[in-house]
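Fold and geometry: a report
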Amino acid sequence: MSLPCNSTFPAGFIWGVATAAAQIEGAAFTDGKGESIWDRFARQPGKVHGGDTLDVACDHYHRFDEDFALMASLGVKHYRLSISWPRIYPDGDGELNQAGLDFYARLFDAMARHGITPWVTLFHWDLPQALEDRGGWRARETVEAFGRYATTVVQAFADRIEHWITLNEIRCFTQLAYGYGLKAPGVKVDAATLNQIYHHALVSHGLAVQAVRQYGGPRAQVGLTDNSDVCIPVTETPADIAAAREWYRRKNLHLLGAISNGGYSDEYLERCGKDAPKVAADDFALISAPTDFLGLNLYTGPFVRAGADGEPEEVLLPSAYPKADSPWLHWAPQVIYWGTRLAHETYGVKSIYITENGCGYNDEPVVAGEVNDLHRREFLRAHLRELQRAIADGIPVDGYFLWSFMDNFEWEDGYERRFGIVHVDFATQQRTPKLSAHYYAAVISANRVV
Ligand code: GBH
């Protein structure tokens, strides 16, 4: 008798891996690429761990063919990657760099040869520095420039790409970058400017959707990748679930809430007060145009319970609570179940892809040709069990992309923090699949949690 907990995933379930251009490509100033805000940020003292830069990274720019061969050897058939805007438009706008388009054409050709389907993110944080110099995401001009860049890329690759992701994690390149100054460009703007930046990100998403609809061809699919704030009910009882639902609704009001609502809610506008964003007449027609799927990056989340009067109340993490080496990444596998369930219930999303999930650790040495990351295998297995539970409960999750294919430039943490299932020796560029890579290969091949 086959036990339900060992059942296979639905036929056609998408198993993939993910990366982003700035984190792996290197070749930061090669073939006409312009400077990005991360190239600049990494050169400012004290911003990135160890003074690491993106100049070489995994040298994927020159090694993509071997990387795809390795990917294919693990049975990975779907790969989420991003395109570097400053490779295509070195100044963000204006002159097109044909060599940049040619690079991605070679890359997609190589993927096709290795039987790997691309899922392309148009913006994963590497804003051209030239645009930042003219106001960056504070300026509506950047939104228009993004629309032109997105149109160029979609037109160039419509014959090869069917899956498009507009933006990666609005909260990170707005709030964390311009609000807290932790990510490039590393500034702290006032509340009104930050709300305007959020709004500009939403309009940019809308312009990319429009570009895919106009030029992507009949089979093209498009969606946003969001890192919604997700919480986990401490007990799965009606009171705590209701509290979690309310916490989730409030926290995501300004992004997924506004998109699904077709405008900013009164509740959000009251919260903004005098700092509310300026909205042009047709903005929400763009922002709220239907998409084909929602991408969710799910890593962790707080635990919430019903407090007095059922009000959501976060339960603080005690010091003994398990974490990865990334200090923000505490162990909470149910984020997969509740992240997808709350999105489905709250916004009526019909198709969800988990576009990232994974964990970051520091010391994962290669010993006798092997990397023993049993900790990551355990992390994956626990999260995949929650994915299976979500699917069993009828939540429409159609795919899962593991972050990341290989160790890479982990933003402000530099190369210290490793998220890959493939180990990269950054001195030699040697790749070594970790124990978790062999585990994930077995999951893909069996189409179930093994
Ligand atoms: C993703 O972000 C990114 O898309 C990806 O590029 C990255 O490599 C990967 O995850 C791993 O980090 O400093 O306390 O304010 C993940 C979501 C949310 C993780 C914000 C870091 C910083 C929290 N990120 N978080 S804090």
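Residues numbered from 1 in each chain as written. Predicted model: local features only at pLDDT ≥ 70, side-chain atom pairs only at ≥ 80, totals over all residues. Heavy atoms only, no water.

Quick word on the overall build of the protein
Secondary structure assignment for the protein yields 17 helices and 13 strands. Expected size for 450 residues packed as a compact globule is a radius of gyration near 22 Å; at 21 Å, the protein falls within 12% of this value. Expressed along its principal axes, the backbone C-alpha trace of the protein runs to roughly 60 × 55 × 50 Å. With 450 residues in all, the protein has 60% of them scored as buried. For the protein, restricting intrachain contacts to residue pairs at least 6 apart in sequence, the fraction spanning at least 24 positions comes to 77%. (Helix = DSSP H or I, 4+ residues; strand = E, 2+ residues; numbered from the N terminus. Rg over C-alpha atoms; globule rule 2.2 N^0.38 Å. Buried < 20%, exposed > 50% of the residue type's maximum accessible area, 1.4 Å probe, protein only. Contact = heavy atoms within 4.5 Å.)

Points about the sheet that holds strand 11 (residues 397-403)
Ordered by their spatial adjacency, 8 strands build a closed barrel running 1-2-3-4-5-7-10-11, and the pairing between neighbours is parallel. Averaged over all pairs of adjacent strands, the angle between strand axes in this sheet comes to 25°, irrespective of strand direction. Bridging between strand 1 (residues 14-18) and strand 11 involves 5 bridges; their strand directions are parallel. The residue of strand 11 that forms the bridge with Ala-18 is Trp-403. Lying on the sheet, helix 15 (residues 334-347) is in contact with strand 7 (293-297), strand 10 (352-356) and strand 11; it crosses strand 10 at an angle near 135°. Taken strand by strand, helix 17 (residues 435-446) contacts strand 1 and strand 11, and its axis lies near 155° from that of strand 1. (Pairing = 2+ DSSP bridges. Axes fitted to C-alpha atoms, helices over the stretch in contact; angles between N-to-C directions.)

Some points on the UniProt feature "binding site: substrate" (unreviewed entry) in the protein
Under the UniProt annotation, "binding site: substrate" (unreviewed entry) lies at Gln-23, His-124, Asn-168, Tyr-299, Trp-403, Glu-410 and Trp-411. From the list above, the largest pocket is lined by Gln-23, His-124, Asn-168, Tyr-299, Trp-403, Glu-410 and Trp-411. Within the fold, Trp-403 resides in strand 11. Judged by its relative accessible area of 3%, Trp-403 falls in the buried class. Along the chain, Glu-410 turns up in the loop between strand 11 and strand 12 (422-425). The class for Glu-410 is buried, based on a relative accessible area of 9%. (UniProt positions renumbered as here; feature names shortened; annotations may be inferred. 1 Å grid on protein atoms, 1.4 Å probe; cavity = no way out; pocket = protein on both sides within 12 Å on 5 of 7 lines; lining within 4 Å.)

Some remarks on the site of the ligand
Residues in contact with the ligand amount to 16 residues; listed here are only the nearest, Gln-23, His-124, Glu-356, Glu-410 and Trp-411. A distance of 2.9 Å separates an oxygen atom of the ligand from a polar atom in the side chain of Glu-169. Between Glu-410 and the ligand, the recorded distance is 2.5 Å, taken from a side-chain N or O atom to an oxygen atom. About the coverage of the ligand: the protein hides 81% of its 570 Å² of free accessible area. Put simply, the ligand lies in the largest pocket. Classifying every residue of the shell around the ligand by side-chain character gives 9 nonpolar, 4 polar and 3 charged. (Near = heavy atom within 4 Å. Polar contact = N/O pair within 3.5 Å; in protein donor to acceptor, adjacent residues only side chain to side chain. Areas by Shrake-Rupley, 256 points an atom, 1.4 Å probe, with all protein chains shown as cover. Sits in = over half its atoms within 2 Å of the grid points. Nonpolar A, V, L, I, M, F, W, Y, C, P; charged D, E, K, R; others polar.)

Side note on the pairing of strand 13 (residues 430-433)
On any regular strand, side chains alternate: one points to one face of the sheet, the next to the other face. Here 4 bridges tie strand 12 to strand 13, and the two strands are oriented antiparallel to one another. Counterpart to Val-422 in the pairing with strand 13 is Pro-433. Here strand 12 hands over to strand 13 after 4 residues, with Gln-429 in that stretch at a positive phi of 65°.

Some remarks on the state of the cysteines
By definition, a disulfide links the sulfur atoms of two cysteine residues through a covalent bond. This model, assessed by the stated rule, comprises 0 disulfides. Of all cysteine sulfurs, the one in Cys-172 lies closest to Cys-272, which takes part in no disulfide; the gap is 19 Å. (Disulfide = S-S within 2.5 Å.)

Structural notes on helix 12 (residues 253-261)
Of all 9 residues that make up helix 12, 7 are buried, and the element is covered over most of its length. Looking only at helix 12, the buried set comprises Leu-253, His-254, Leu-255, Leu-256, Gly-257, Ala-258 and Ile-259. Where helix 12 terminates, the next one or two residues include Gly-262, which has phi positive at roughly 75°.

Quick look at empty space enclosed by the protein
Under the counting rule described, the total for this entry stands at 3 cavities of 30 Å³ or more. In this structure, the largest cavity spans a volume of roughly 80 Å³. Residue lining of the largest cavity: 13 residues in total, with Ala-21, Ala-22, Gly-26, Lys-33 and Asp-39 positioned closest to the centre. If you list the elements that add at least two residues to the lining of the largest cavity, you get helix 1 (21-24) and helix 4 (85-88). (Points joined across faces, edges and corners; volume = space filled by probe spheres on them.)

Considering the pattern of salt bridges
By the definition in use, this model includes 37 salt bridges. We note a salt bridge from Asp-67 to Arg-431, for which the minimum N-O separation is 2.9 Å. Here Asp-67 is found in helix 3 (residues 60-73), whereas its partner Arg-431 is found in strand 13, with 364 residues between them in sequence. Taking relative accessible area as the criterion, Asp-67 reaches 2% and is therefore assigned buried. When the shortest N-O distance is used, the salt bridge between Arg-213 and Asp-292 registers 2.9 Å. Placement of Arg-213 in helix 10 (residues 191-215) and of Asp-292 in the loop between helix 14 (283-287) and strand 7 is noted, with a sequence separation of 79 residues between them. For Arg-213, a relative accessible area of 40% puts it in the partly exposed group. (Salt bridge = Lys/Arg side-chain N within 4 Å of Asp/Glu carboxyl O.)

What to know about the packing of aromatic side chains
Each aromatic ring pair is summarised here by two numbers: the centre-to-centre distance and the angle between the ring planes. Applying the stated criterion across every chain yields a total of 43 aromatic pairs. With a centroid separation of 4.9 Å and 85° between ring planes, the pair formed by Phe-123 and Phe-173 is classed as edge-to-face. Of this pair, Phe-123 sits in strand 3 (residues 117-123) while Phe-173 is found in helix 8 (residues 170-173), placing the two residues 50 residues apart along the sequence. Per residue, the accessibility class of Phe-123 equals that of Phe-173, and both read buried. (Phe/Tyr/Trp six-rings, centres within 6.5 Å; stacked < 30°, edge-to-face > 60°.)

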